[in-house]
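Examination of the molecular architecture
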Amino acid sequence: LDSIDGKHARRTQSSTPLGELFDHGLDSWATSIFVLSFFSVCSRDNGKTGVSVYTMYIYLSIVLFNFMCSHWEKYNTGVLFLPWGYDISQVVLITAYLLTGTIGVEVWQKPFLFGYYITDALVILLIGFSLFLSFPQTLYNIHRAHLKKTLKNDSLYEGLLPLVSPLLLFLLLTVWVVLSPGNILAKQPRLFLWMVGVAFSNIICKVIICQMSSTQPELFHWFLFPLALVVYAAISGLLGWTEEAVLAVFTVLVTAAHVHYGVCVGRQLSEHLNIYIFSLKKRVQE
């Protein structure tokens, strides 16, 4: 139903910026949950089969990077162009669930072709689609808009501004993953990857709002400052054995902040547009 909601909204003449935020804002969060569920199906690396936690992190980062590029492109061009790789990813995910349900988890634990596992092929396909299809297509669309003089942002600074916070987020997270004394990703992979997805979703939601309202996003998202403190304390050894507990607390705070932000923005937009959330009825004018 992912591609049907917009068509239905236009058919019922209920298409609004709130609907766009709901759609893409929830997509930005669900993307990380889809990746987590996929790795739950494939199982974690046990030395023979499964997927390593570092592969999981790289896989998630690439998926979120592609999502970020699409909305960065719309911020600059005003057009959301989703390459067909998005549709393929959903088909692949459904196929993975059906294979697991029909054959069993053993399908992921046996070599598929020439000693390679299906998960190896999926990772290679993902990297290939990202590097040679999705990202080049984004750059080409922005370049074409520049030639046609239809770019929404004239200066290079304004055009690149939405990329600063997401890239700094991934930089800090990668530093934590690589330099963690307690190997935090191996000890708490689900919690860590959940936190990555929530933090990314909040940053992208703000970019979506700026793109819809033709406003300039903030240079540094506020999540980056407490995250930088946590990462510094972790890699310097200050946290010691409490590193996992601090990750749990930070994850809870980030998740609560993201939910609070979504509820507040949803209410403000519904009041501003004089509509109800999840309803076609108009608000009664006071």
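Bear in mind that the values here come from a model prediction, so they are computed numbers and not experimental data.

1. Remarks on the overall build of the protein chain
Within the protein chain, the regular secondary structure consists of ten helices and zero strands. Each helix and strand of the protein chain, ordered N terminal to C terminal, gives the series α-α-α-α-α-α-α-α-α-α. Its C-alpha atoms give the protein chain a radius of gyration of 20 Å, within 12% of the compact-globule value 19 Å for 286 residues. Dimensions of the protein chain, computed from the C-alpha atoms along their principal axes, are close to 60 × 45 × 45 Å. Counting all 286 residues of the protein chain, 41% fall into the buried class. For the protein chain, restricting intrachain contacts to residue pairs at least 6 apart in sequence, the fraction spanning at least 24 positions comes to 74%. Here the protein chain has roughly 16100 Å² of accessible surface; of this, 67% comes from carbon and sulfur atoms. Side chains of the protein chain carry 18 positive and 17 negative charges; the gap between the two charge centres is 5 Å.

2. Quick look at the nonpolar core
In terms of nonpolar packing, the biggest core is built from 65 residues, with Phe38, Trp108, Trp176 and Phe192 touching the most fellow members. In terms of residue count, the dominant contributor to this core is helix H3 (residues 53-77) (twelve residues). Every residue in contact with Trp176, bar those within four places of it in the chain, is listed here: Ile184, Phe192, Met195, Leu227, Val230, Val231, Ala234, Ile235, Glu243 and Leu247.

3. Quick word on helix H6 (residues 156-179)
Its 24 residues give H6 an end-to-end C-alpha distance of 33 Å, which sits within 8% of 34 Å, the value for a rise of 1.5 Å per residue. Pro162 marks the point of greatest bend in H6, at about 35°. Regarding H6, the residues found buried are Gly159, Leu161, Pro162, Leu163, Ser165, Pro166, Leu169, Phe170, Leu173, Trp176 and Val177. Next to the buried residues of H6 lie H3, helix H7 (184-187), helix H8 (189-213), helix H9 (224-235) and helix H10 (243-272).

4. Examining a nonpolar patch on the surface
A cluster of nonpolar side chains, Tyr157, Leu219, Phe220, Trp222 and Phe225, forms an exposed patch at the surface whose accessible area comes to about 540 Å². Position of Tyr157 among the secondary structure elements: in helix H6.

5. Digging into empty space enclosed by the protein
Here the structure, examined in full by the defined rule, presents two cavities of 30 Å³ or more. Estimated volume of the largest cavity: approximately 70 Å³. Lining the largest cavity we find Leu161, Pro162, Ser165, Pro166, Ile203, Lys206, Val207, Pro217, Glu218 and His221. Take the lining of the largest cavity: its biggest share by element is four residues, from H6. Grouping the amino acids of the lining of the largest cavity by side-chain chemistry returns six nonpolar, two polar and two charged.

6. Brief notes about the packing of H6 against H8
Relative orientation and spacing of two packed helices are given, respectively, by the angle between their axes and the distance between those axes. Interaxial distance between H6 and H8 falls to 9 Å at its minimum, and their mutual angle equals 170°. Taken as axis vectors, H6 and H8 run roughly antiparallel relative to one another. Of the residues in H8, those touching H6 at Pro162, Ser165, Pro166, Leu169, Phe170, Leu173, Trp176 and Val177 are Phe192, Met195, Val196, Ala199, Phe200, Ile203 and Val207. The residue makeup of the contact of H6 with H8, split by class, is 14 nonpolar, one polar and no charged.

7. Comments concerning the side chain of Asn141
By secondary structure assignment, the location of Asn141 is in helix H5 (residues 118-147). Classification of Asn141 by relative accessible area gives buried; the value is 6%.

8. Points about the UniProt feature "transmembrane region" (unreviewed entry) in the protein chain
As annotated in UniProt, the feature "transmembrane region" (unreviewed entry) corresponds to residues 51-69, 81-100, 112-135, 156-179, 191-209, 221-239 and 245-263 in the numbering used here. Secondary structure content for residues 191-209 is 100% helix and 0% strand, while the C-alpha to C-alpha distance between its ends is 27 Å.

9. Here's the deal with H5
An ideal rise of 1.5 Å per residue puts 44 Å on 30 residues; H5 measures up with 42 Å between its terminal C-alpha atoms. A maximum bend of about 40° is found in H5 at Ser130. By the burial criterion, the buried members of H5 are Ile118, Thr119, Leu122, Val123, Leu126, Ser130, Ser134, Thr138, Asn141, Ile142 and Ala145.

10. Describing the packing of aromatic side chains
Aromatic rings in a pair are described by how distant their centres are and how their planes are angled relative to each other. Applying the stated criterion across every chain yields a total of twelve aromatic pairs. Note on Phe38 and Tyr59: the rings are 6.0 Å apart at their centroids and 25° apart in plane angle, and the pair reads as stacked. Placement of the pair is Phe38 in helix H2 (residues 17-42) and Tyr59 in helix H3, with a sequence separation of 21 residues. One exposure class covers both Phe38 and Tyr59, and it is buried. Each member of the aromatic cluster is reached from another via a ring pair, and the members are Phe38, Phe39, Tyr59 and Trp108.

Criteria and cut-off values
Residues numbered from 1 in each chain as written. Predicted model: local features only at pLDDT ≥ 70, side-chain atom pairs only at ≥ 80, totals over all residues. Heavy atoms only, no water. Helix = DSSP H or I, 4+ residues; strand = E, 2+ residues; numbered from the N terminus. Rg over C-alpha atoms; globule rule 2.2 N^0.38 Å. Buried < 20%, exposed > 50% of the residue type's maximum accessible area, 1.4 Å probe, protein only. Contact = heavy atoms within 4.5 Å. Areas by Shrake-Rupley, 256 points an atom, 1.4 Å probe, with all protein chains shown as cover. Lys, Arg positive; Asp, Glu negative; His and termini not counted. Charge placed at Lys NZ, Arg CZ, Asp CG, Glu CD. Core = buried A, V, L, I, M, F, W, Y, C linked by side-chain atoms within 4.5 Å. Expected span 1.5 Å × (residues − 1). Bend = angle between axes of the 7 residues up to and from the residue. Patch = residues over 30% accessible without salt bridge, like charges linked within 9 Å, V, L, I, M, F, W, Y side chains within 5 Å. Salt bridge = Lys/Arg side-chain N within 4 Å of Asp/Glu carboxyl O. 1 Å grid on protein atoms, 1.4 Å probe; cavity = no way out; pocket = protein on both sides within 12 Å on 5 of 7 lines; lining within 4 Å. Points joined across faces, edges and corners; volume = space filled by probe spheres on them. Nonpolar A, V, L, I, M, F, W, Y, C, P; charged D, E, K, R; others polar. Axes fitted to C-alpha atoms, helices over the stretch in contact; angles between N-to-C directions. Parallel < 35°, antiparallel > 145°, perpendicular 65-115°, else oblique. UniProt positions renumbered as here; feature names shortened; annotations may be inferred. Phe/Tyr/Trp six-rings, centres within 6.5 Å; stacked < 30°, edge-to-face > 60°.

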